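Structure at a glance
Now for the letters of each chain:
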Amino acid sequence: MLSSHWPLADLRLQTPDLELRWPSPDDLGALAGLAAAGVHDPDVQPFMVPWTDATPEERARGTIQYHWSRWGAWKPSDWTLGLAVLRGGVVVGNQVVGGRDYAVLREVNTGSWLGQPYQGQGIGTQMRAAVLHLAFDGLGARWAISAAFEDNPASLGVSRKLGYRDDGFDWYQVRGRPALSRRLRLDRAGWEAARTVPVKIHDLQPCLPLFAVPAASGS
Ligand SMILES: CC(C)(COP(=O)(O)OP(=O)(O)OC[C@H]1O[C@@H](n2cnc3c(N)ncnc32)[C@H](O)[C@@H]1OP(=O)(O)O)[C@@H](O)C(=O)NCCC(=O)NCCS
């Protein structure tokens, strides 16, 4: 069985409305379909890696290959967990959480997108809350960081609601123009003060060594 050797395949997070899980082949197909249909207004580019500036077919294949590439590259010293997000059994988007040198730094970063029909309904807040719970409660994180361009009120809104504080800014080149990206940072106290979404974690214990967390310390 896959999960005997790759326990991440069984890892699941549950919020009142959502399930986040390691994507099955069918979940990946569904994510690819959402990506092909479009995840944002084509007049803007919200991602620092502009993977959506491509044809629908390329976006679909790129979505699948992104997950495969992160699976193949997984190391406890540099991991990226890309989870399929389901509402009512339907795949609605993708939530990523990653850690580099996590054993030492105890810091995670996040990234996410939803299919356009599912945006603006509170799903983005619940799915980020789910991986923050995994990070702080399950993996003993000290920090979570995020970033969004200043013209992305939805992503900045999710961070604000979940207690992140401003942490400076960076400039990026986007479609030949400068774009200001706001850095955001959340510590454990901020997470605890702002948490409103109940989250359950399933089958984390066998995964802990893959996250560079000692097996006794996770929940
Ligand atoms: C970013 C994203 C994941 C957020 O998820 P979401 O489900 O749309 O966000 P939520 O509905 O949870 O909204 C979070 C907050 O932002 C606000 N918000 C959402 N969309 C907004 C908009 N277009 N304009 C202004 N505020 C907005 C909400 O009102 C909410 O705050 P409130 O509850 O105080 O009203 C989603 O919009 C998305 O996939 N966008 C396209 C891809 C993207 O930008 N990814 C992130 C790149 S950094």
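One can find the structure itself at the top, above this paragraph.
Residues numbered from 1 in each chain as written. Predicted model: local features only at pLDDT ≥ 70, side-chain atom pairs only at ≥ 80, totals over all residues. Heavy atoms only, no water.

Below, the discussion takes up the packing of helix H5 (residues 123–138) against helix H6 (residues 153–161). It is the contact of H5 with H6, at a shortest axis distance of 9 Å, that shows an interaxial angle of 50°. Overall, the two elements H5 and H6 adopt an arrangement that is oblique. Seen from above, H5 lies across H6 with right-handed handedness. On the side of H5, the interface is formed by Gly124, Thr125 and Arg128, while H6 contributes Ser155, Val158, Ser159 and Lys161. (Axes fitted to C-alpha atoms, helices over the stretch in contact; angles between N-to-C directions. Helix = DSSP H or I, 4+ residues; strand = E, 2+ residues; numbered from the N terminus. Parallel < 35°, antiparallel > 145°, perpendicular 65-115°, else oblique. Left-handed = near helix turned anticlockwise from the far one by under 90°. Contact = heavy atoms within 4.5 Å.)

Before going further, it helps to examine empty space enclosed by the protein. The method is simple in principle: a probe with the dimensions of a water molecule rolls over the atoms, and the space it marks as empty is what remains. The tally for this structure, following the rule as stated, stands at one cavity of 30 Å³ or more. Along its surface, the largest cavity is lined by Ala129, His133, Leu162, Trp191, Arg195, Thr196, Val197 and Val199. Its residues assigned to classes, the lining of the largest cavity shows five nonpolar, two polar and one charged. (1 Å grid on protein atoms, 1.4 Å probe; cavity = no way out; pocket = protein on both sides within 12 Å on 5 of 7 lines; lining within 4 Å. Points joined across faces, edges and corners; volume = space filled by probe spheres on them. Nonpolar A, V, L, I, M, F, W, Y, C, P; charged D, E, K, R; others polar.)

Summarising the sheet, strand S6 (residues 143–149) and strand S8 (residues 177–187) pair through seven bridges and their orientation is antiparallel. Pairing of serine 146 across the sheet is with leucine 184, part of S8. Of the strand pairs in this sheet, strand S7 (residues 165–174) and S8 are connected by eight bridges, and their pairing is antiparallel. Each bridged residue has a counterpart across the sheet, and for tyrosine 172 the counterpart in S8 is alanine 179. If you look at the hairpin formed by S7 and S8, you'll find two residues sitting between the two strands, and arginine 175 has a positive phi there, around 50°. (Pairing = 2+ DSSP bridges.)

What the second largest pocket holds in volume is close to 220 Å³. Around the second largest pocket sit 14 residues that line it, and Gln45, Asp151, Val174, Pro178 and Ala179 are the ones nearest its centre. Within the residue set of the lining of the second largest pocket, elements represented by two or more residues are S7 and S8. With four residues, the top contributor of residues to the lining of the second largest pocket is S8. Broken down by class, the residue content of the lining of the second largest pocket amounts to eight nonpolar, one polar and five charged.

The next point concerns H5. With 16 residues, H5 ought to run about 22 Å at 1.5 Å a step, and its terminal C-alpha atoms sit 21 Å apart, in line with that. Where burial is concerned, most of H5 is hidden: 15 out of the 16 residues are buried. Taken from the residues just after H5, glycine 140 is the one with a positive phi, measuring 65°. (Expected span 1.5 Å × (residues − 1). Buried < 20%, exposed > 50% of the residue type's maximum accessible area, 1.4 Å probe, protein only.)

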